Every structure is written in C-alpha cells, then in structure tokens.
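Working through the structure, step by step
Given next are the chains, with one letter for each unit.
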Amino acid sequence: QLELVESGGGLVQPGGSLRLSCTVSGFTLDYWAIGWLRQAPGKEREVVSCISSSGGSTNYADSVNGRFTISRDNAKNTVYLQMNSLKPEDTAVYHCAAAYHCGQGYERWGQGTQVTVSS
C-alpha cells in the first residue's frame with residue numbers, strides 16, 4: 001500500500017514555529033517531487049511549497065516565502081516543512097503529496113494534519 005503520512009501539526013501561538021513531517025512508505029521517495037498543500041475553510045487549496053526529487057530545487061507560495069522551509073531526507077523516507085513566524089492566516093489542514101515534478105499534478109496524497117495558529 002502506497003502511503004504518505006503527515007505528522008507534527010498542532011496548536012501554536014502567532015509567531016511560533018512547527019515542523020511538519022511527511023513519511024512515505026510503499027514506494028521509493030527518491031523519484032518523486034513532494035509538495036505541501038493546505039486547505040483552509042473559505043479559501044482555495046494552495047500549494048505551499050514543493051521540493052524536487054533530488055532536493056536541488058524548491059519553491060514557495062508568496063504567502064509563506066521567507067517563513068517556511070521545505071527539505072527532504074530520502075534515506076529516512078521523509079520530507080519536512082519547517083514553519084516559522086506563523087500567522088493566524090496559516091491555519092489550515094496541511095497535506096503532503098507526491099508528483100513527478102513540482103508544478104505538475106499530484107499523484108498521491110497524505111491524510112493531512114491540522115495546523116492552528118491562534119492567540
């Protein structure tokens with residue numbers, strides 16, 4: 001069974017930090033670009049960040065650029081999203097997903113983890 005499993009979400013105050021993890025099983029992570037996407041009530045789904053299969057290329061949405069960092073450790077079958085300087089607007093369910101390349105459609109999705117930023 002192919003799986004992407006997110007963890008690390010929770011409740012944090014504005015200005016705080018969280019690190020999300022996406023652990024992959026059932027296929028070789030090395031060949032896949034991994035994106036982080038979020039869905040918040042009343043907002044459209046947004047691609048937050050994506051990292052290429054090699055880790056050599058990353059991109060970020062304007063809304064998170066400079067605050068979030070995506071990274072991967074293929075040996076651990078894990079992709080991370082370090083989120084700093086969190087804002088209430090970052091509140092959403094965060095999913096990781098696999099694609100052949102960043103900018104293309106996502107083939108597999110994780111179940112999501114809730115991030116809530118509130119005073």
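Everything discussed here concerns the structure shown above.
As a convention, each chain's residues are numbered from 1 in the sequence order in which they are written. In keeping with the model being predicted, local features are shown solely for residues with a pLDDT of at least 70 and side-chain atom pairs are shown and tallied solely at 80 or more, while totals for entire chains, interfaces and linings include all residues. Hydrogens and waters are ignored; side-chain quantities use all the structure's heavy atoms.

A look at the nonpolar core
What we call a nonpolar core is a set of buried Ala, Val, Leu, Ile, Met, Phe, Trp, Tyr and Cys residues that are connected through their side-chain atoms within 4.5 Å. We call a residue buried when its accessible area falls under 20% of the maximum for its residue type, exposed when it is over 50%, and partly exposed in between, using a 1.4 Å probe and counting protein chains only. Ranked by internal contacts, the top residues of the largest apolar core, which has 28 residues, are Ile34, Trp36, Phe68, Val79, Leu81, Met83 and Tyr94. Looking at this core, the elements with two or more residues in it are strand S3 (18-25), strand S4 (33-39), strand S5 (46-51), strand S7 (68-73), strand S8 (78-83), strand S9 (92-99) and strand S11 (113-117). Beyond its immediate sequence surroundings of up to four residues, phenylalanine 68 is in contact with Arg38, Val48, Tyr60, Leu81, Gln82, Met83, Asn84, Leu86, Asp90 and Tyr94. Core analysis: the next-biggest nonpolar cluster, separate from the first, contains 6 residues, Ala33, Leu37, Ala99 and Tyr106 among them. Put simply, DSSP H or I for four residues or longer makes a helix, DSSP E for two residues or longer makes a strand, and each gets a number counted from the N terminus. Note on contacts: a residue pair is in contact if any heavy atoms of the two residues lie within 4.5 Å.

Description of the pairing of S7
Here S7 shows a buried face lined by Phe68, Ile70 and Arg72 and an unburied face lined by Thr69, Ser71 and Asp73. Paired strands, in this sense, are two strands between which DSSP finds at least two bridges. Examined bridge by bridge, S7 and S8 share 6 bridges and lie antiparallel to one another. Residue threonine 69 lies in a different strand from S8, and its bridge partner there is glutamine 82.

Some remarks on the pattern of salt bridges
Basic side-chain nitrogens of Lys or Arg form a salt bridge, by our definition, when they fall within 4 Å of a carboxyl oxygen of Asp or Glu. Tallied over the entire structure, the rule returns 3 salt bridges. In this structure, the salt-bridge partner of aspartate 90 is arginine 38, at a minimum N-O distance of 3.0 Å. Of the two residues, aspartate 90 is situated in the loop between S8 and S9 and arginine 38 in strand S4; the sequence distance between them amounts to 52 residues. Under the relative-accessibility criterion, arginine 38 is labelled buried at 7%. The network of salt bridges with shared partners includes Arg38, Glu46, Arg67 and Asp90.

Here's the deal with the sheet that holds S8
Reading across the sheet, the 4 strands line up as S1-S3-S8-S7 and stay open at both edges, with antiparallel pairing between neighbours. Of all strands in the sheet, those with a lone pairing partner are strand S1 (3-7) and S7, marking the two edges. Strand-to-strand twist across the sheet, computed as the mean angle between neighbouring axes with direction ignored, equals 15°. Of the pairings in the sheet, the one linking S1 to S3 comprises 5 bridges and is antiparallel in character. Across the sheet, leucine 4 pairs through a bridge with valine 24, a residue of S3. Axes here refer to lines fitted to C-alpha atoms; in helices the fit is confined to the stretch in contact. Angles between the N-to-C directions go from 0 to 180 degrees.

A few points about the state of the cysteines
The criterion for a disulfide is a pair of cysteine sulfur atoms lying within 2.5 Å. Counted by the stated rule, this structure contains 2 disulfides. Here cysteine 22 pairs with cysteine 96 through a disulfide, and the sulfurs are 2.1 Å apart. Disulfide cysteine 22 to cysteine 96: torsion about the S-S bond roughly 70°, handedness right-handed. In this pair, cysteine 22 sits in strand S3 while cysteine 96 sits in strand S9, placing the two residues 74 residues apart along the sequence. The exposure classification of cysteine 22 matches that of cysteine 96, with both residues buried. Shown here is the disulfide that connects cysteine 50 with cysteine 102, its sulfur atoms set 2.0 Å apart. Between cysteine 50 and cysteine 102, the S-S torsion sits near -85°, and that sign places the bridge as left-handed. You can see cysteine 50 sitting in strand S5 and its partner cysteine 102 sitting in the loop between S9 and strand S10 (106-109), a full 52 residues away along the chain. By relative accessible area, cysteine 50 is classed as buried at 1%. What connects to what in the protein chain, once the bonded cysteines are numbered by sequence position, is 1-3, 2-4.

Everything listed here is a matter of geometry and, on its own, says nothing about what the molecule does.
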